[in-house]
Amino acid sequence: MNADANTAKYSGPDTAKLHPEGVLDRMKALYAEGIAGYMDEVDGGLELKDECAERVSCYLCGSEQSRPFLKASGFRYVQCLDCDMVYVNPRLRADLIDMFYKSDAYNFMFENMLMKSVDYRLENIAKRKFDAVSRFFPDTKPQLLDIGCGIGDFAHLAEGGGWSVQAIEFSPMAAGYARERFGLNVLEKPLEECSFAEEQFDVVTMWGVLEHLLEPRQLLRQIRDFLTDGGLLVVEVPSFDCLLVEYLKAHPEQADRIIDGWGHVTLFSVPTITRMLQEQGYVVEQIQSLGLDIPTILRYVQTADPAAAEHPLHRFLGEYGQPLQDCLESMHKADMIRVFVRKA
C-alpha cells in the first residue's frame, strides 16, 4: 500500500501539498546547522551552552518550580508545577533568537514551504481561517489587524472580502512577499512602535505567533488598547496536550512540527491559553481544537521505517485517519488550539 492510499480517506489539508517533498527534511537540517554553534555535545546528546542560554520563570504564573516535560535537539521543555504551562527552560538568549529569525534557515521556510504552496494554502488553510472569523461579522466589514501575517494569505482573503486590513510581519522576506504578491499594507515593527489609534480595530488575529513571543502577556495587554469595546481577538497556538506531542515524547528526534525549541518557547493547553487570555482582560467566546496529528505521525513512522506502511496498525490509521482526527479535535486533543475572545 502506498502513502497516497494510506491517507486516502483523510479529508483534511493535504500535507504533501503543504510541505513540498524534501522541504521539511532540508529545513530541519538547516535549523540544526544554525543552532549547532550554541550547543555542546554531552554524553552523546546536545545541551545548550551556558553562555548562550538564559533561565526563565513560567510565562503564565511566574513560578520557578517545574518538572521535565520533553527534550529535543538540545532544548529542554519543562512544565510548571503550579499552572501546567509548558515552556523552554533554559531558552536561547533573546539576542540569539532574534538573529535566528533573520537567518537563511528561517528564510528557507518562507521561500520553499509557504511561498511555493501559497495557492493551496489560500484555498485550504487561509479560506478556512477567514470563514471561521467572518462568522462573527455577518453584517459588517470590520477593520482587521493581522499580527504576524506571514506571506499574507489570510490578510489577502480578508481584504478581498471587503475588510479594511493592516498587517504586521517581522520577517522582511515574508513582508516583502505579502506586499508584492497581494499588495498588502505590511509594517515591519513591533506593535508598541505602531501609531495606531485607540480602539481602531474590530478584530485582531495572531496565527501561530504567541508561542514565539518572549513576553506574550505584554502583547496581549497592548492589543486591548487597539481593539474596540467588545472587539474580537483570535489566537492560534500549538498544543502540548495532544496525540502528536505524546508521540514525540517517545521520538523527539523526529520532530519537525510543534516542538521547535529555539522558536516555540511556549506550548499551550486549553486551560493555560484560556487563563492567559482571561487574565489579560478577555472573555472567551469559542475554543476550537484542530490539527494534523494523524497524518504527521503516519509520515514520521513511514519515514523512519518504510516497511511500517504495511503494518496493520499503520494501515488502520491511514484508512480511518479522518474520523480519528475528528475525535481528537472533539476532545480538544489535537495539535493546535484556536481561541476566539472578546475584549472585556
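(A) Seen up close, the packing of helix α12 (residues 293-304) against helix α14 (residues 321-330). Packing of α12 against α14 leaves a shortest axis separation of 8 Å and a crossing angle of 125°. Judged by the angle between their axes, α12 and α14 are oblique. Of the residues in α14, those in contact with Asp293, Ile294 and Pro295 of α12 are Gly321, Leu324, Gln325 and Leu328. A per-class count over the contact of α12 with α14 returns four nonpolar, two polar and one charged.

(B) Quick look at the environment of lysine 249. Of note, lysine 249 is situated in helix α10 (residues 243-250). On the basis of relative accessibility, which here comes to 35%, the residue lysine 249 falls in the partly exposed class. As a C-alpha pair, lysine 249 and isoleucine 259 span ten residues in sequence and 9.9 Å in three-dimensional space. Excluding anything up to four places from it in sequence, lysine 249 contacts Phe69 and Leu70. At a separation of 3.0 Å, a polar atom in the side chain of lysine 249 contacts the side chain of glutamate 246.

(C) Up close: the sheet that holds strand β6 (residues 86-88). Pairing is antiparallel in the open sheet, where four strands are placed in the order β4-β5-β6-β13. On the outer flanks of this sheet lie β4 (66-72) and β13 (266-267), each paired with one strand and no other.

(D) Seen up close, a negative patch on the surface. Together, Asp40, Glu41, Asp50 and Glu51 make up a negatively charged patch on the protein surface. Note that glutamate 41 resides in strand β1 (residues 39-42).

(E) Geometry of a nonpolar patch on the surface. A contiguous nonpolar patch, built from Leu313, Phe316 and Tyr320 and spanning about 320 Å² of accessible area, is present on the exposed surface. Assignment of secondary structure puts phenylalanine 316 in helix α13 (residues 312-319).

(F) Structural context of the sheet that holds strand β11 (residues 201-207). Spatially, the seven strands line up as an open sheet ordered β10-β9-β8-β11-β12-β15-β14, and their pairing is mixed. Only two strands of the sheet have a single neighbouring strand rather than two, namely β10 (186-187) and β14 (282-290). Bridge analysis of β14 against strand β15 (residues 336-343) gives eight bridges, and the strand direction is antiparallel. Looking at the pairing, glutamine 288 lines up with arginine 338 of β15. Of the strands in this sheet, β8 (143-147), β11, β12 (227-238), β14 and β15 touch helix α9 (residues 216-226), which is tilted by about 145° from β12.

(G) Representation of helix α6 (residues 118-134). The end-to-end C-alpha distance of α6, which contains 17 residues, comes to just 21 Å, noticeably less than the 24 Å that a straight helix rising 1.5 Å per residue would cover. Within the sequence span of α6, burial applies to Val118, Tyr120, Arg121, Leu122, Asn124, Ala126, Lys129, Phe130, Ala132, Val133 and Ser134.

Parameters and conventions
Residues numbered from 1 in each chain as written. Predicted model: local features only at pLDDT ≥ 70, side-chain atom pairs only at ≥ 80, totals over all residues. Heavy atoms only, no water. Axes fitted to C-alpha atoms, helices over the stretch in contact; angles between N-to-C directions. Helix = DSSP H or I, 4+ residues; strand = E, 2+ residues; numbered from the N terminus. Parallel < 35°, antiparallel > 145°, perpendicular 65-115°, else oblique. Contact = heavy atoms within 4.5 Å. Nonpolar A, V, L, I, M, F, W, Y, C, P; charged D, E, K, R; others polar. Buried < 20%, exposed > 50% of the residue type's maximum accessible area, 1.4 Å probe, protein only. Polar contact = N/O pair within 3.5 Å; in protein donor to acceptor, adjacent residues only side chain to side chain. Pairing = 2+ DSSP bridges. Patch = residues over 30% accessible without salt bridge, like charges linked within 9 Å, V, L, I, M, F, W, Y side chains within 5 Å. Areas by Shrake-Rupley, 256 points an atom, 1.4 Å probe, with all protein chains shown as cover. Salt bridge = Lys/Arg side-chain N within 4 Å of Asp/Glu carboxyl O. Lys, Arg positive; Asp, Glu negative; His and termini not counted. Charge placed at Lys NZ, Arg CZ, Asp CG, Glu CD. Expected span 1.5 Å × (residues − 1).

Note that all results are geometric; they support no functional claim without further evidence.
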